[in-house]
Amino acid sequence: QSSFAPLKPCTICQSKSCIVIPSLAAPKHFCLLHYLGTGNHRKRSKNKRSKLFVHPLRLESQLPAVQDLFSEAFVELQKEIREESARVGFEFEFEFGWIALF
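Just so it is clear, the structure is predicted and the values come from calculations on it, not from any experiment.

1. Some thoughts on the overall build of the protein chain
Okay, so step 1: Scanning the protein chain from N- to C-terminus turns up three helices and three strands.
Okay, so step 2: Beginning at the N terminus, the succession of helices and strands in the protein chain can be written as β-β-α-α-β-α.
Okay, so step 3: Relative to its full complement of 102 residues, the protein chain shows a buried share of 18%.
Okay, so step 4: Residue pairs at least 24 apart in sequence account for 41% of intrachain contacts in the protein chain once pairs closer than 6 positions are excluded.
Okay, so step 5: Accessible surface, the protein chain: about 8,200 Å² in total, of which carbon and sulfur atoms supply 62%.

2. Here's the deal with the nonpolar core
Okay, so step 1: With seven residues, the main nonpolar core is built from Cys 18, Ile 19, Ile 21, Phe 30, Leu 32, Tyr 35 and Val 66.
Okay, so step 2: Residue contacts for Leu 32: discarding those within four places in its chain leaves Cys 18, Ile 19, Leu 59, Gln 62, Leu 63 and Val 66.

3. Digging into the sheet that holds strand S3 (residues 53–54)
Okay, so step 1: Sheet architecture is open: three strands sit in the order S2-S1-S3, paired in antiparallel fashion. Two strands bound the open sheet, and with one partner strand each, they are strand S2 (28–30) and S3.

4. Things to note about the environment of Leu 36
Okay, so step 1: Take Leu 36: it is sitting in helix H1 (residues 32–37).
Okay, so step 2: Sequence separation between Leu 36 and Val 66 is 30 residues, and the spatial gap between their C-alpha atoms is 9.2 Å.

Calculation criteria
- Residues numbered from 1 in each chain as written.
- Predicted model: local features only at pLDDT ≥ 70, side-chain atom pairs only at ≥ 80, totals over all residues.
- Heavy atoms only, no water.
- Helix = DSSP H or I, 4+ residues; strand = E, 2+ residues; numbered from the N terminus.
- Buried < 20%, exposed > 50% of the residue type's maximum accessible area, 1.4 Å probe, protein only.
- Contact = heavy atoms within 4.5 Å.
- Areas by Shrake-Rupley, 256 points an atom, 1.4 Å probe, with all protein chains shown as cover.
- Core = buried A, V, L, I, M, F, W, Y, C linked by side-chain atoms within 4.5 Å.
- Pairing = 2+ DSSP bridges.

Structure follows, in C-alpha cells:
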C-alpha cells in the first residue's frame, strides 16, 4: 500500500491526477499538465512552506506528453516571434529607409 491518500481525478479534466495540493477546505488534485498550465507551480514557489504531494509513477507517465506539448508551444512561439520581428523590421526599414538586419 502507498502512503498517499486515494487520488481523485484532476480537478480540471478528470484524468488521472499525480499532484495533490492539500488544503483544509478541500485538497486540489491535478494532472501534470493542469498543475503547470494553471500556474499553481508559481503560486507554490512564493509560499515555500506549502506542501505538495506527488505520485511519482503517475508523474513519470504524464511527463513525456507534457514535455512534447510544451516543446511544440515553444517552437510555435519562436516562429511567431521571428515572423513578427521580420514584419516590424521591414516596416521600420520602409518607414525610415534603414536596412534591417534580421
